[in-house]
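# Structure assessment
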Amino acid sequence: MNDYEILLMLDPELADERQAEIVTRVRESIERDGGRWESEEPWGRRRLAYEIDHKPEGVYHLLTFAAEPATLDEVSRVLKITDGVMRHMAVRRVRGAASRPSGPRPEEPVAAAASTSQDSEPESTA
């Protein structure tokens, strides 16, 4: 059995009940095939870098579980044909790795010594 996570992007126009139903169906499918469900993290509504089906936002859920590769294949197949699922990405999870990216990084200061006064003066061509 392998550890997996699925990042699921759902249609923002779906009702909360329908979103919960999709996640529940995935969980039941994994547990029915002998897998182990670990967690579901709702990441909420996020703005997309580009529109998908004329929608500028998506609702994200991170699903973590352990299952056989055949179970993952079946879950992915079902998600591809499920209405309301805009995108999904399944990956093997690395033990000990953070499942959620850390907060926004503070901007790194630009080195002050990068430019000198000689570099900024134009050369004369006489």
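Everything that follows concerns the structure shown earlier in this document.
The text that follows walks through the structure, step by step, so that each part is easy to find. Each chain has its residues counted from 1, running along the sequence as written. Local features in this predicted model are restricted to residues whose pLDDT is 70 or higher, and side-chain atom pairs enter the listing and the counts only when it is 80 or higher, whereas totals over whole chains, interfaces and linings include all residues. Here the side-chain values reflect all heavy atoms present in the structure, with hydrogen atoms and water set aside.

### Considerations on the sheet that holds strand β1 (residues 2-10)
Sheet strands pair by backbone hydrogen bonding; their relative direction is either parallel or antiparallel. Any two strands with at least two DSSP-identified bridges between them are counted as paired. Elements are defined by DSSP. Helices are runs of H or I of four residues or more, strands are runs of E of two residues or more, and each kind is numbered from the N terminus. Read from one edge of the open sheet, four strands run β2-β3-β1-β4, paired in antiparallel fashion. Either end of the sheet is taken by a strand with one partner, and the two such strands are β2 (36-52) and β4 (85-92). For this sheet, the mean inter-axis angle between neighbouring strands, taken without regard to orientation, is 20°. In the sheet, β1 pairs with strand β3 (residues 55-67) via nine bridges, with the strands oriented antiparallel. Looking at β3, one finds that Leu 8 is bridged to His 61. Fitted lines through C-alpha atoms give the axes, limited to the stretch in contact for helices. The angle between two N-to-C directions lies from 0 to 180 degrees.

### Some details on the packing of aromatic side chains
By convention, a stacked pair of Phe, Tyr or Trp rings (six-membered ring in the case of Trp) has centres within 6.5 Å and planes under 30 degrees apart, an edge-to-face pair has planes over 60 apart, and any other such pair is tilted. In this structure the tally under the stated criterion is two aromatic pairs. Between Tyr 4 and Phe 65, the aromatic rings sit 6.0 Å apart at their centres with planes inclined by 40°, giving tilted as the arrangement. Separated by 61 residues along the polypeptide, Tyr 4 in strand β1 and Phe 65 in strand β3 bring together distant segments of the chain. When sorted by exposure, Tyr 4 lands in the same class as Phe 65, which is buried. Ring plane angle 5° and centroid distance 6.5 Å describe the contact between Trp 37 and Phe 65, whose orientation is recorded as stacked. In this pair, Trp 37 is assigned in strand β2 and Phe 65 in strand β3, connecting sequence segments 28 residues apart. Like Phe 65, Trp 37 is buried. Here's how the labels work: a residue is buried when its accessible area is under 20% of the maximum for its type, exposed when over 50%, partly exposed in between, all with a 1.4 Å probe on protein chains only.

Fair warning: the whole summary comes from geometry, so function is off the table for now.
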